[in-house]
Amino acid sequence: MESKKIAADRAVGSVKSGMVVGLGTGSTAYWAIQAIGARVKTGLNIQAVATSEKSEALARELDIPIVPFSDIDSIDITIDGADEVDTDLNAIKGGGGALLREKIVAAASRELIIIADESKLVQRLGAFPLPVEVVPFGIELTMKKLAALLACPLNLRQTEDKLFLTDNRNYIVDCHLGAIEDAVQLNQALNMIPGVVENGLFIHMAAKVIVGFNDGTVRELT
Ligand code: 5RP
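If you're wondering where the values come from, they're calculated on a predicted model, not measured in any experiment.

Details of the pairing of strand β14 (residues 208-212)
- Buried residues dominate β14, accounting for four of its five residues.
- Pairing geometry for strand β6 (residues 109-117) and β14, over five bridges, is parallel. What sits directly across from I113, in β14, is K208.
- Note that β14 and strand β15 (residues 218-221) share four bridges and pair antiparallel. By the bridge assignment, G212 is partnered in β15 with V218.
- Connecting the antiparallel pair β14 and β15 is a turn made up of five residues, with G216 showing a positive phi of about 95°.

Structure below.
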């Protein structure tokens, strides 16, 4: 917990009044939203967009002003977590199932800061199963295409006995790749499959990664 919080607190130091801020999703982004909420209470004046229904609900509880996308032209800074991140600032995201909204918000942001505890920092992406968001229509066909492309075990994500549904009412296929050789090519190839909405590879999107360590130190990668 503490290593996630120190990374989040460091990142929130970059948020200034007047900014439009993208709020990430997950247990690390939770601490960033808490820190932003605390600063809003003492006068920070921002507008925010959220990457999930859960983060939006938390922001509203903390009186962080949430605005619709129609009210903004771009996002100044987004602070979000990751499931894996490498030293080239590439990441796998979507463990919480919010990857589509996270990627839309990240792509609209002038600066994406990824926050993570040290367990997320890897030499090579792929040990964490890559989440791929797919539409329910034709799911069997889409999974066959994914199997042909990836040749690795695929799991249609479930929670308890039900298929997991994203905020966009889609499914998630977790792809157990083990290691990713060429993330740029894989990102493109996945998104070419009809039925795939988006995948959890965030390549060349982050401007900075802030890692919190268990000994209480923080490292910034740029
Ligand atoms: C949600 C995400 C999260 O940022 C990612 O899963 C990391 O979550 P956590 O901070 O709880 O480990 O991409 O879709």
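Focus: the UniProt feature "active site" (unreviewed entry) in the protein
- Per the UniProt entry, the sites bearing "active site" (unreviewed entry) are E102 in this numbering.
- Discounting residues that sit within four places of it in the chain, E102 has contacts with G24, T25, T51, D80 and K93.

Observations regarding the sheet that holds β6
- The strand order across the open sheet formed by six strands is β2-β1-β3-β6-β14-β15, and the pairing between neighbours is mixed. The open sheet has two edge strands with one neighbour each: β2 (47-50) and β15. Across the sheet, the axes of successive neighbouring strands diverge by a mean angle of 20°, strand direction being ignored.
- The pairing of strand β1 (residues 20-23) with strand β3 (residues 75-80) spans three bridges and is parallel. Bridge pairing in β3 places V21 opposite I77.
- This element, helix α2 (residues 27-41), spans β1, β3 and β6 of the sheet and lies at about 120° to β6.

As for helix α6 (residues 183-191)
- Among the residues of α6, those classed as buried are A183, L186, N187 and L190. Viewed along the axis of α6, the buried residues span an arc of 100°, placing them on a single side of the element. Facing away from the buried side of α6, by more than 90 degrees, are the exposed residues V184 and Q185.
- Those residues of α6 that are buried are in contact with β7 (130-134), β12 (196-199) and β13 (201-202).

Considerations on the pairing of β3
- In terms of residue burial, β3 counts as a mostly covered element, since five of its six residues are buried.
- Bridge count between β3 and β6: five bridges; the pairing is parallel. Of the residues in β6, the one forming a bridge with I77 is E111.

Side note on helix α4 (residues 99-107)
- Along α4, seven of the nine residues are buried, which leaves the element largely enclosed by surrounding structure.
- Three or more residues of α4 are buried, namely L99, L100, R101, E102, K103, V105 and A106.

Some thoughts on the nonpolar core
- Core analysis: the biggest nonpolar cluster contains 57 residues, and A11, A32, I113, I114, I115 and V132 have the highest contact counts within it.
- A total of seven residues in this core trace back to one element, the largest contributor, which is α2.
- Residues in contact with A32, not counting those within four places in the same chain, are A8, A11, V12, G24, I79 and I115.

Side note on the site of the ligand
- Around the ligand, 18 residues are found, and the nearest of them are G26, T28, G81, G95 and G96.
- Listed by contribution, the elements that provide at least two residues to the shell around the ligand are α2 and α4.
- The element that contributes the greatest number of residues to the shell around the ligand is α2, accounting for three residues.
- Each residue belonging to the shell around the ligand can be placed in one class, and the counts come to four nonpolar, 10 polar and four charged.

Basis of the calculations
- Numbers given for residues are sequential positions, taken from 1 along each chain in its written order.
- For a predicted model such as this one, the threshold for reporting local features is a pLDDT of at least 70, and the threshold for listing and counting side-chain atom pairs is 80 or more; totals across whole chains, interfaces and linings nevertheless cover every residue.
- Burial is judged by counting the other C-beta atoms within 10 Å of a residue's own C-beta: 20 or more makes it buried, 12 or fewer makes it exposed, and any count in between marks it as partly exposed, with every C-beta position built from the backbone.
- Note on conventions: DSSP H or I runs of at least 4 residues are helices, E runs of at least 2 residues are strands, and numbering of each starts at the N terminus.
- One bridge is not enough; two strands pair if DSSP finds at least two bridges between them.
- UniProt positions are given in the numbering used here, feature names are shortened, and annotations may be inferred rather than shown by experiment.
- Two residues qualify as being in contact provided that their C-beta atoms, derived from the backbone, are within 7 Å of each other.
- Only the stretch in contact is used when fitting a helix axis, every axis being a line fitted to C-alpha atoms; angles between N-to-C directions are given from 0 to 180 degrees.
- As used here, the arc belongs to the directions running from the helix axis to the C-beta atoms.
- The nonpolar core is taken to be a set of buried Ala, Val, Leu, Ile, Met, Phe, Trp, Tyr and Cys residues joined by way of C-beta atoms within 7 Å.
- Being near a molecule or strand means, for a residue, that its C-beta atom, positioned from the backbone, comes within 6 Å of it.
- Charged residues are taken to be Asp, Glu, Lys and Arg, nonpolar residues to be Ala, Val, Leu, Ile, Met, Phe, Trp, Tyr, Cys and Pro, and polar residues to be all remaining types, Gly included.

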